[in-house]
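A closer look at the structure
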Amino acid sequence: RGAIAFRDVHFSYDPARPILKGISFDVPAGRTVAIVGPSGAGKSTISRLLYRFYDVQEGAITIDGQDVRAVTQKSLRDAIGMVPQDTVLFNDTVAYNIRYGRPSATEEEVFAAAEIAQIGHFIRALPEGFDTRVGERGLKLSGGEKQRVAIARTVLKAPPILILDEATSALDTTTEHEIQAALDTVSKNRTTLVIAHRLSTVINADEIIVLRDGLIAERGTHASLLAAD
Ligand code: ADP
Ligand code: ADP
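A brief look at the structure comes next. None of these values were measured; they are calculated from a predicted model.

Rules behind the numbers
- Residues numbered from 1 in each chain as written.
- Chains lettered and ligands numbered in written order.
- Predicted model: local features only at pLDDT ≥ 70, side-chain atom pairs only at ≥ 80, totals over all residues.
- Heavy atoms only, no water.
- Near = heavy atom within 4 Å.
- Polar contact = N/O pair within 3.5 Å; in protein donor to acceptor, adjacent residues only side chain to side chain.
- Areas by Shrake-Rupley, 256 points an atom, 1.4 Å probe, with all protein chains shown as cover.
- Nonpolar A, V, L, I, M, F, W, Y, C, P; charged D, E, K, R; others polar.
- Pairing = 2+ DSSP bridges.
- Helix = DSSP H or I, 4+ residues; strand = E, 2+ residues; numbered from the N terminus.
- Contact = heavy atoms within 4.5 Å.
- Salt bridge = Lys/Arg side-chain N within 4 Å of Asp/Glu carboxyl O.
- Buried < 20%, exposed > 50% of the residue type's maximum accessible area, 1.4 Å probe, protein only.
- Axes fitted to C-alpha atoms, helices over the stretch in contact; angles between N-to-C directions.
- Expected span 1.5 Å × (residues − 1).
- Arc of directions from axis to C-beta.

1. A short note on the site of ligand 1
The local shell around ligand 1 holds 13 residues, among which Arg17, Gly40, Lys43, Ser44 and Thr45 are the closest. Within the backbone of Gly42, one N or O atom sits 3.0 Å away from an oxygen atom of ligand 1. A distance of 2.9 Å separates an oxygen atom of ligand 1 from a polar atom in the backbone of Lys43. With the chains in place, 66% of the 560 Å² that ligand 1 exposes on its own is no longer accessible. Classifying every residue of the shell around ligand 1 by side-chain character gives 5 nonpolar, 5 polar and 3 charged.

Here's what the structure looks like:
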């Protein structure tokens, strides 16, 4: 479930400046494909088009063969989970923020998701260390810990499709390695689109697509792209 296909996708925010100039690729169900490239190449635009923040101007994007323009916004949101670069959390407990992924979840399910992301020990903490509504003091979370909350939320939501949009780029190297391990667990057997700056963070992707100037410049596995360098 959740096979993604981009077919000759063209997009520009400004007609005078095309961003994507005919992009075609597949993310087979359960596989991981990474899009890498320099800043401004159009990587995040690809995830915005998939989520339908914008619509393609030419070509098509399909999920399981269905054009995303024919899918309701609600079912698209249910189908896609996103771990962004900078996670913005609600000013409420970590548990509340995790539950947002699936409001009907039981306490046990919320806790199990927190454990997978290795934040079970501060599930009652307040992300900013202070809750203005109840005037309570808590623990202030680091960037890496906030990323773990976003991961736990996605674990709970369990969407067929996962977008990791530079999910580790804001972290220091040690934290990055820990988060990477959690992300690898979450993306296992799930259709995953990884957006990344560096080849070194996408070793496990089934295919890596190098985007340059709005076109696919190269594609291959981590090993084949390294060999071609
Ligand atoms: P990447 O993720 O590869 O860094 P983006 O997809 O975010 O690149 O952006 C590609 C280009 O589109 C950039 O030059 C960026 O400045 C431009 N861009 C991004 N969002 C908008 C927007 N909302 N309006 C106009 N231009 C935008
Ligand atoms: P709603 O507007 O229905 O509350 P949101 O889009 O805010 O939905 O969040 C629903 C789910 O989508 C959450 O699991 C959240 O992590 C995820 N999400 C939030 N922002 C984005 C985004 N920019 N792109 C993709 N998914 C997102």
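Let us keep going from here.
2. Notes on the pairing of strand β12 (residues 215-220)
In the sheet, strand β11 (residues 207-212) pairs with β12 via 5 bridges, with the strands oriented antiparallel. The residue of β12 that forms the bridge with Leu211 is Ile216. A loop of 2 residues connects β11 with β12, the two strands running antiparallel in sequence, and Asp213 in this loop sits at a positive phi of about 55°.

3. Comments concerning the environment of Gly2
Take Gly2: it is sitting in the segment before β1 (4-11). It is 9.4 Å that separates the C-alpha atoms of Gly2 and Thr62, two residues lying 60 residues apart in sequence. Setting aside chain neighbours within four positions, we find Gly2 in contact with Val27, Ile63, Asp64, Ile161 and Thr191.

4. Observations regarding the pattern of salt bridges
Think of it this way: side chains of opposite charge can pair up when their charged atoms draw near. Scanning the model with the defined rule gives 12 salt bridges in all. Salt-bridge contacts for Asp55 lead to Arg52; the nearest nitrogen and oxygen are separated by 2.7 Å. Of the charged contacts, one joins Arg102 and Glu109 as a salt bridge, the two residues approaching to 3.5 Å between their closest N and O atoms. When its relative accessible area of 29% is taken as the criterion, Arg102 is described as partly exposed. Under the relative-accessibility criterion, Glu109 is labelled partly exposed at 33%. Through salt bridges with shared partners, one network takes in Arg99, Glu107 and Arg124.

5. A short note on the site of ligand 2
The local shell around ligand 2 consists of Tyr51, Phe53, Arg77, Met82, Tyr100, Arg153 and Lys157. Here an oxygen atom of ligand 2 and a side-chain polar atom of Arg77 are 2.6 Å apart. One nitrogen or oxygen atom from the side chain of Tyr100 is found 2.5 Å from an oxygen atom belonging to ligand 2. Here ligand 2, which alone exposes 540 Å², has 62% of that area covered by the protein. Of the residues that constitute the shell around ligand 2, the class distribution is 4 nonpolar, no polar and 3 charged.

6. Here's the deal with the side chain of Ser47
Looking at the element boundaries, Ser47 is found in helix α1 (residues 43-50). According to the relative accessible area criterion, Ser47 is buried, its value standing at 3%. Reaching out from Ser47, the side chain makes a polar contact with the backbone oxygen of Ser44 at a distance of 2.9 Å. Apart from the residues within four sequence positions on either side, Ser47 is in contact with Ile163, Asp165 and Ile195.

7. What to know about the sheet that holds strand β10 (residues 191-196)
The strand order across the open sheet formed by 6 strands is β6-β9-β10-β3-β11-β12, and the pairing between neighbours is mixed. Both outer strands of the open sheet, β6 (80-83) and β12, are each paired with one neighbouring strand and no more. Neighbour to neighbour, the strand axes of the sheet diverge by 20° on average, direction disregarded. Sheet topology places strand β9 (residues 161-165) next to β10; 5 bridges connect them, and they run parallel. Bridged to Ile163 within β10 is Leu193. Lying on the sheet, helix α5 (residues 143-157) is in contact with β6 and β9; it crosses β6 at an angle near 170°.

8. As for helix α6 (residues 173-187)
Under the 1.5 Å per step criterion, the end-to-end length of α6 is 20 Å for 15 residues, consistent within 8% with the ideal 21 Å. Within the sequence span of α6, burial applies to Thr175, Glu176, Ile179, Ala182, Leu183, Val186 and Ser187. One side of α6 carries all its buried residues, which in axial view fall inside an arc of 130°. Exposed residues pointing more than 90 degrees away from the buried face of α6 are listed as Thr173, Thr174, His177 and Thr185. Looking at the buried positions of α6, the neighbouring elements they touch are β3 (32-36), α5, β9 and β10. Sitting at the head of α6, Asp172 places a side-chain oxygen 3.2 Å from the backbone nitrogen of Thr174.

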